[in-house]
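# Architecture at a glance
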Amino acid sequence: MLRHITTGIDGSAESLAAAHWAARAAARRGVSLSLVHAWKWHPRPAPSVPADRSERDWAEETLDRAASSIRAAHPGLRVVERLVPDSAAAALLAAAGDAELLVLGSRGLSGVAGFMVGSVSQRVVARSSRPVVLVRAGESSADEHLPALDGISPEEIPETPYRDVVLGLDTQRPCDELIEFAFESARRCGATLHVIHAFGTARVEPADGPWAPVSGPELLAARERTVAATLRPWCEKFPGVSVIETVSEGRAATALVRASAGASLVVVGRRTREGHLGTHVGAVTHAVLHHVGCPVAVVPHD
């Protein structure tokens, strides 16, 4: 059984925020946290490396600083440091292979919602065999919770409710890995799971006949029944998770971005089959990554 969460460390504010998010997730799961910092020797060290340090020394210091910050904030958590002499993408993909979850930092887009998904993050998200969570700089424990009364922080009142976990659901191709990840995430936090299903005008297949066109309230009702039927076995498996469903006509990405405004986590999927242009995250997930401000989990599935 996979019993740790892995996070990438590169010395940036976003990677430290991701590491603290990963530490909180590891504590909820009762698993250890693996901090991975990749470095490679270069004839000309990067400008970020002080002149009086070697690249390896600076890599060790970067990793040690992050580990000290995590241990100070989470004294009961087992933290493992891994310094890997490889490229960042290769090191993270290898580390993700034996982890429950990979957590990465990503810059926000000019102070507004969304992620600046760089080349490393893009390659890792598109190729990882394990779920990947992207976290922006500045994300804190307080952002995961509903506002506390009188300005008291969630750390002072542990029972402060978590914000919703939001799941984007495709009823035509529902994926067990994706749905289970969302239910488990909500269960661990005691959060409400907000399931989003958006659709365009289409045809539905009645139980006793051929495909037939429907529209308006009839189509909406049919979609709502399909969503309820898809979720029913999961609600039975996770009876303690409160579930609300929003079914609407329109673009899925737009509905997910709207729902994310009050969420602690948005969960979307990525198909693992390669297209003629190689691996990619899909249009909806791509849009979510660029327009959602809270952490986003990308779950690979067949």
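Scope of this entry: the structure provided in the associated data block. In this convention, every chain numbers its residues from 1, walking through the sequence in written order. This being a predicted model, a pLDDT of at least 70 is required before a residue's local features are given, and a value of 80 or more before pairs of side-chain atoms are given or counted; all residues contribute to the totals for chains, interfaces and linings. Only hydrogens and water are removed before side-chain values are computed, so all heavy atoms of the structure are retained for them.

Quick look at the overall build of the protein now. Numbered from the N terminus, helices here are DSSP runs of H or I no shorter than four residues, and strands are runs of E no shorter than two. In terms of regular secondary structure, the protein is built from nine helices and 13 strands. For each residue, the accessible area found with a 1.4 Å probe, counting protein chains only, is set against the maximum for its type, and the residue is called buried under 20%, exposed over 50%, and partly exposed in between. Counting every position in the protein, which comprises 302 residues, the buried fraction comes to 46%. Across the protein, contacts joining residues at least 24 apart in sequence account for 73% of those joining residues at least 6 apart. Areas reported here follow the Shrake-Rupley algorithm with a probe of radius 1.4 Å; residue values treat only the protein chains shown as occluding. Carbon and sulfur atoms make up 53% of the accessible area of the protein, which amounts to about 15100 Å² in all. We call two residues in contact whenever any of their non-hydrogen atoms come within 4.5 Å of each other.

The way to describe two aromatic rings as a pair is by their centre distance and the angle between their planes. Stacked, edge-to-face and tilted labels apply to pairs of Phe, Tyr and Trp rings (six-membered ring for Trp) whose centres lie within 6.5 Å, assigned for plane angles under 30 degrees, over 60, and everything in between, in that order. With the rule as written, the count across this model stands at two aromatic pairs. When the ring of F183 is compared with that of W234, the centres are 6.4 Å apart and the planes differ by 25°; the resulting orientation is stacked. A residue pair is termed long-range when its members are at least 10 positions apart, and F183 in helix α6 (residues 176-189) and W234 in helix α7 (residues 216-237) qualify at 51 residues. For F183, a relative accessible area of 0% translates into the label buried. When its relative accessible area of 11% is taken as the criterion, W234 is described as buried.

Turning our attention to the nonpolar core. The set of buried Ala, Val, Leu, Ile, Met, Phe, Trp, Tyr and Cys residues whose side-chain atoms join them within 4.5 Å is what this entry labels a nonpolar core. I5, L33, V103, L193 and V267 are the most contacted members of the largest nonpolar core, which has 50 residues in total. Among the elements that make up this core, the one with the highest residue count is helix α1 (residues 13-29) (eight residues). Counting residues in each nonpolar core, the second largest holds 26 residues, with A96, L256, V296 and V298 among its members.

In this section: α7. An ideal rise of 1.5 Å per residue puts 32 Å on 22 residues; α7 measures up with 33 Å between its terminal C-alpha atoms. Note on bend: at a given residue it equals the angle between the axes fitted to the 7 residues ending there and to the 7 starting there. Of all the bends in α7, the largest measures some 40° and sits at L231, one to four residues before the proline P233. Helix span is expected to be 1.5 Å times the residue number reduced by one.

Let us look at the packing of α1 against helix α2 (residues 55-73). Axis definition: a line fitted to C-alpha atoms, over the contacting stretch in the case of helices. Angles run 0 to 180 degrees between N-to-C directions. Running from N to C, α1 and α2 cross one another at 40°; their axes reach a closest spacing of 10 Å. The interaxial crossing formed by α1 with α2 has right-handed handedness. Residues L16, A19, H20 and A23 of α1 lie in contact with α2, whose contacting residues are A66, S69, I70 and A73. Classification convention: Asp, Glu, Lys, Arg as charged; Ala, Val, Leu, Ile, Met, Phe, Trp, Tyr, Cys, Pro as nonpolar; all other residues, Gly among them, as polar. Among the residues making up the contact of α1 with α2, the classes are represented as six nonpolar, two polar and no charged. When the near helix sits turned anticlockwise from the far one by under a right angle, the crossing is termed left-handed; a clockwise turn instead gives a right-handed crossing.

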